[in-house]
Amino acid sequence: MSLLEVRNLRVTFDTETGPVQAVRGVSFSLGRERLGIVGESGSGKTMTGRAVLRLIRPPGRIEAEAMTFDGQDILNMPEREMRALRGKRIGMVMQDPKYSLNPVMTVGRQLTEGLRLRDRLGRADAVAKAIAALEAVQIRDPHRVMDAYPHELSGGMGQRVMIAMMLIPEPDLLIADEPTSALDVTVQAEVLSILDGLVRDRGMGLIFISHDLRLVARFCDRVLVMHKGLVVEEIAAANLLAAKHPYTQGLLNCLPRIGGPRGPLPVLDRTGV
Amino acid sequence: MSFIEIDNLTVTFRAQGREVRAVEGVSLSVDERESYGLVGESGSGKSTILRAICGMAPVSGGSIRIAGKVLPAQRGRAFSADVQMVFQDPYASLHPRHTIDRTLSEPLAIHGMPDRDARVVQALVDVGLPPAFRFRYPHQLSGGQRQRVAIARALMLKPRILLLDEPTSALDASVQAEVLNLLSRLREEQGLTFLMVSHDLAVIDHMCDRIMVLQHGRTVEEISRDDLAKANMNTPYARSLFEASADRMLGSTTEPAR
């Protein structure tokens, strides 16, 4: 049985000028695998990720035919039970560590907060577990990082702290929304290999949301290409180069390549799609 | 003699008694109408070099010459008529409460240029925007349109050198292609010299003839475009950047297809 099943998901925002649909009927199912969702700004990829956790606030609303996680109906689940699911069974890594970590709390306090309140661990146990989590994301000096404030960390470190924080409760599903977009390429590779290891070792499911088709192609098993709130193509990552939909092809072709031709890059024909 | 000559440039920031050398002993030279790229990761000093040319960074050593002349300490009007910069984030680099018209005509007013009306319209046409956009505010434009305005603004005074600081990294892939094409066309049409900074090796490779790889404020290696295409680099760091470049991730397409 699949871990997550989403059927005909719609996210609608009621605005002064009428309803705007950010996601217009997205269906997918996810096993213990790496699913990539790619698309440009405004394609609805982030909204899809947030809708799975029911993290869309009014005036936005979520509708779907079905949304089940591990056999439970998460579409109609009471908010109280949903809260118990968030973090513990479904984790989310946001794009920018600068805005997602609490700037006035040390990393250590943020990491142990959940352990102490939710799991009712003692101080020493919580600290030990937090340090283990930091080590799992390959932070070399976890004790220093525990005492640091977010602004004292580099972008790559901050992003690793966020991943560590999400991994402490050992979720079954991790939704990572552009987890490496703010990072340098070499750091990006490290963060990806950490995520990769977690999927392999723990059998975690991963939804990897990104605007970077090439990154997703290399990192994920399966890719959903989104455009204007719709999935235009679902394809095995290995076959991405054989993509059929003109939008996917356009996205691939407009990227410059090292050693590629010097002429004007092909641009997307926006009238067609 | 080269058009832009940077010799042994060092930039030192001082804060709370600590000194940080953002750039250390970097030398480079760019010919007229050449396109030169600076690549490196965050903190490599690539943007600082551009800012140092504009007089926006504390230069503590070395020299910068343009067309053989050492730049004066106060850059002044003659400098801005020759050298202009395009910044990374078009959401931050345009004044949110000035119309596009005001943003574009300001440099003309400062430099006392005539025919402002016609020049603003021409500038918009040059970057592929409808002239009616004059009376819009930045928030009424998309990211790609804003970056076009930022490029138009930089070209108002007909400069010879354009300093490009990650001009497309805040944009979507398809919009990036449009802006890169625009920059290539303008360089051709107006005979511009580019000094371009990016963390994306594929973008730099597409746009530039020669490339300098920087790390921790120092030069790692200078590579020609041909050598980059052949993966002909001498230092392990340049190679690791090349290997980690997102472009490599599509493996099979990079090798054949040419």
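Here the structure is a predicted model, which is why all the values come from computation and not from measurement.

Draft legend 1. How the structure looks around the overall build of chain B. Each helix and strand counted, chain B has 10 helices and 10 strands in total. For 258 residues, the compact-globule estimate of 2.2 N^0.38 gives 18 Å, and the C-alpha radius of gyration of chain B, at 19 Å, lies within 12% of that figure. Here chain B, with 258 residues, has 54% of them falling under the buried criterion. If you take every contact in chain B between residues at least 6 apart in sequence, the share linking residues at least 24 apart comes to 67%.

Draft legend 2. Up close: the packing of aromatic side chains. With the rule as written, the count across this model stands at one aromatic pair over all chains. Relative to Phe219 of chain A, the ring of Phe208 of chain A has its centre 5.0 Å away and its plane inclined at 55 degrees; by these criteria the two rings are tilted. Of the two residues, Phe208 of chain A sits in strand S9 (residues 205-210) while Phe219 of chain A sits in helix H9 (residues 213-219), which places them 11 residues apart along the sequence. With a relative accessible area of 0%, Phe208 of chain A lands in the buried category. Above the ring of Phe219 of chain A, the side-chain terminus of Arg34 of chain A is found at 5.6 Å from the ring centroid. Here the guanidinium or amino end of Arg136 of chain B rests over the ring plane of Phe133 of chain B, the centre of that ring lying 4.2 Å away.

Draft legend 3. Quick peek at the environment of Leu53 of chain A. Residue and element names in this part refer to chain A. As for its position among the elements, Leu53 is in the loop between helix H1 (45-52) and strand S4 (60-63). Accessibility expressed as a relative area gives 3% for Leu53, which makes it buried. In this structure the C-alpha to C-alpha distance between Leu53 and Ser2, which are 51 residues apart in sequence, comes to 17 Å. Each residue touching Leu53, except ones within four places of it in the same chain, is listed here: Met82, Arg86, Ile90, Met92 and Ile175.

Draft legend 4. Quick look at the pairing of strand S11 (residues 230-236) of chain A. All names here are of chain A. Of the strand pairs in this sheet, strand S10 (residues 222-227) and S11 are connected by six bridges, and their pairing is antiparallel. Its bridge partner lying in S11, His227 is registered against Leu230. Taken together, S10 and the strand that follows it, S11, pair antiparallel across an intervening segment of two residues, in which Lys228 is found at a positive phi of about 50 degrees.

Draft legend 5. Geometry of the packing of helix H6 (residues 143-155) of chain B against helix H7 (residues 173-190) of chain B. Residues and elements named next belong to chain B. Running from N to C, H6 and H7 point in directions that differ by 20 degrees, and their axes come no closer than 10 Å. On the basis of the axis angle, H6 is roughly parallel to H7. You can see that H6 and H7 cross each other, and the crossing is right-handed. Residue-level contacts link Gly144, Gln147, Arg148, Ile151 and Leu155 of H6 to Val175, Glu178, Val179, Leu182, Leu183, Leu186 and Gln190 of H7. For the contact of H6 with H7, the residue count by class is seven nonpolar, three polar and two charged.

Draft legend 6. Highlighting the interface of chain B and chain A. Contact with chain B, which involves 36 residues of that partner, is made by 29 residues of chain A. Between chain B and chain A, a total of about 3100 Å² is buried, with carbon and sulfur atoms accounting for 57% of that surface. A salt bridge links Asp200 of chain B to Arg214 of chain A, with the nearest nitrogen and oxygen atoms 4.0 Å apart. Within the residue set of the side of chain B that touches chain A, elements represented by two or more residues are H7, helix H8 (201-207), helix H9 (225-229) and helix H10 (236-244) of chain B. Per element, the largest residue contribution to the side of chain B that touches chain A is eight residues, and it comes from H7 of chain B. Residues that form the side of chain B that touches chain A fall into these classes: 17 nonpolar, 10 polar and nine charged.

Draft legend 7. Examining the confidence of the model for chain A more closely. With 98% of its residues at a pLDDT of 70 or more, chain A has an overall mean of 87. Put simply, helix H3 (residues 97-100) of chain A is where chain A has its lowest mean pLDDT, 76, and strand S3 (residues 34-38) of chain A is where it has its highest, 93.

About the criteria used
- Residues numbered from 1 in each chain as written.
- Chains lettered and ligands numbered in written order.
- Predicted model: local features only at pLDDT ≥ 70, side-chain atom pairs only at ≥ 80, totals over all residues.
- Heavy atoms only, no water.
- Helix = DSSP H or I, 4+ residues; strand = E, 2+ residues; numbered from the N terminus.
- Rg over C-alpha atoms; globule rule 2.2 N^0.38 Å.
- Buried < 20%, exposed > 50% of the residue type's maximum accessible area, 1.4 Å probe, protein only.
- Contact = heavy atoms within 4.5 Å.
- Phe/Tyr/Trp six-rings, centres within 6.5 Å; stacked < 30°, edge-to-face > 60°.
- Lys NZ or Arg CZ within 6 Å of the ring centre and 35° of its normal.
- Pairing = 2+ DSSP bridges.
- Axes fitted to C-alpha atoms, helices over the stretch in contact; angles between N-to-C directions.
- Parallel < 35°, antiparallel > 145°, perpendicular 65-115°, else oblique.
- Left-handed = near helix turned anticlockwise from the far one by under 90°.
- Nonpolar A, V, L, I, M, F, W, Y, C, P; charged D, E, K, R; others polar.
- Buried area = accessible area lost by both parts, 1.4 Å probe.
- Salt bridge = Lys/Arg side-chain N within 4 Å of Asp/Glu carboxyl O.
- pLDDT = per-residue confidence, 0-100.

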